[in-house]
Amino acid sequence: MTYFFVNGQEKSLRDVSVFTFTAEVHMPHVFAYIRVSTAKQDHQNQELEIRRYADKEGIKIDHWFRLEASSRKSTKERRLDELLEELESGDTLIVSELSRLGRSLSQIVLTIDALREKDVTFIAIKNGMKFNGNHDTTAKIQIAMFGVLAEIERDLISERTKMGLEAAKADGKTLGRPAGSLGKSKLDGKEKEIEELLGKGMTRAALARYFEVTPPTLTSFLKTRMPQLHKAHKRPSKS
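This one's a predicted model, so the numbers in the text were calculated from it and none came from an experiment.

Checked against the element boundaries, Asp188 lands in the loop between α4 (137-170) and α5 (191-199). Its relative accessible area of 35% is what places Asp188 among the partly exposed residues. In this structure the C-alpha to C-alpha distance between Asp188 and Arg225, which are 37 residues apart in sequence, comes to 9.0 Å. Engagement of the side chain of Asp188 in a polar contact is seen with the backbone nitrogen of Ser185, the distance being 2.9 Å.

Structure below.
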């Protein structure tokens, strides 16, 4: 006879009529990712397109990721890292078009491949694309083709850059920043305020802390942009 302990008491199979086993099962979720590059653009167009598609296909959107971020930003800043962490096997990600995932084809390929590895279904509405996770042979072939195209894209950009530089040299143009030109500074546009604060007796050290720059940065800015003010408020040398 086989015995079990139930609530601290010894029981036989005859005493236990039903055993119930429960396991946590992941219910697939549908995510929609919306990104605009500038404040002038609107989330609504992308959202409307995704909602129309979802209604047509009978899909319920469980989670929306909406943000404003340039495609030049990192995947973390575009919340793609966060999104990939959230997605699990069997989930679906919908975007209005491929360009929402990245600025270049290589960025897009990396993201789609990560989705495939996680067995996530990916849908790009305008591009008419649907990849059904890592079991989709067609998706694997398309991603491989995208990878080749991304490599070609990088080569073409590199070639155009080289040709542009060579053409500029041939025309006698000097490449790079002209000698003596000034780069951008965190203090640009603050000249009037700097002059007022120095005029009120604020020390350079305090002024640097106020503008959250280092004293050498402040000194360099005064020397190059405000030489007269620099001389007028130059720290006296120790005798």
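Now for the pattern of salt bridges. Tallied over the full model, the rule gives eight salt bridges. The partner of Glu49 in a salt bridge is Lys126, with the nearest N and O atoms 4.0 Å apart. Here Lys126 lies in the loop between β6 (121-124) and β7 (129-132) and Glu49 lies in helix α1 (residues 43-57), a separation of 77 residues in the sequence. Of the residues examined, Glu49 reaches a relative accessible area of 24% and is grouped as partly exposed. When salt bridges that share partners are traced, they join Glu47, Arg51 and Arg66 into one network.

It is at 9 Å that the axes of helix α6 (residues 204-211) and helix α7 (residues 215-225) come closest, and there the two elements cross at 100 degrees. Classified by the angle their axes make, α6 and α7 are roughly perpendicular. For the pair formed by α6 and α7, the contact residues are Arg204, Leu207 and Ala208 on the first element and Pro215, Leu218, Thr219 and Leu222 on the second. Per-class residue counts for the contact of α6 with α7 are five nonpolar, one polar and one charged.

Counting 19 residues, the largest nonpolar core has Tyr33, Leu83, Leu93, Leu101 and Phe122 as its most contacted members. Breaking this core down by element, the ones donating at least two residues are β3 (30-36), β4 (63-68), α2 (80-86), β5 (92-95), α3 (105-117), β6 and β7. With three residues, the single largest contributor to this core is α3.

Inspection of the secondary structure assignment puts His230 in helix α8 (residues 227-232). If near-sequence neighbours (up to four positions away) are discounted, His230 is found in contact with Arg204, Thr219, Leu222 and Lys223.

Turning our attention to the confidence of the model for the protein. For the protein, per-residue confidence averages 76 on the pLDDT scale, and residues scoring 70 or more make up 68% of the total. Across the protein, β5 holds the top mean pLDDT of 94, while strand β1 (residues 3-6) sits lowest at 48. Between residues 1-6, whose pLDDT stays under 50, and residues either more than four places distant or in other chains, the model counts 16 contacts. Within the model, the stretch residues 16-22 combines pLDDT values under 50 with four contacts to residues more than four positions away or in other chains.

This next bit is on unusual backbone geometry. In this structure, Asp119 is a non-glycine residue whose phi angle is positive, near 60 degrees. Looking at the secondary structure, you find Asp119 in the loop between α3 and β6. Classification of Asp119 as buried rests on a relative accessible area of 19%. Here Glu212, not a glycine, exhibits a phi torsion of approximately 60 degrees, which is positive. Relative to the assigned elements, Glu212 resides in the loop between α6 and α7.

Cut-offs used in this document
- Residues numbered from 1 in each chain as written.
- Predicted model: local features only at pLDDT ≥ 70, side-chain atom pairs only at ≥ 80, totals over all residues.
- Heavy atoms only, no water.
- Helix = DSSP H or I, 4+ residues; strand = E, 2+ residues; numbered from the N terminus.
- Buried < 20%, exposed > 50% of the residue type's maximum accessible area, 1.4 Å probe, protein only.
- Polar contact = N/O pair within 3.5 Å; in protein donor to acceptor, adjacent residues only side chain to side chain.
- Salt bridge = Lys/Arg side-chain N within 4 Å of Asp/Glu carboxyl O.
- Axes fitted to C-alpha atoms, helices over the stretch in contact; angles between N-to-C directions.
- Parallel < 35°, antiparallel > 145°, perpendicular 65-115°, else oblique.
- Contact = heavy atoms within 4.5 Å.
- Nonpolar A, V, L, I, M, F, W, Y, C, P; charged D, E, K, R; others polar.
- Core = buried A, V, L, I, M, F, W, Y, C linked by side-chain atoms within 4.5 Å.
- pLDDT = per-residue confidence, 0-100.

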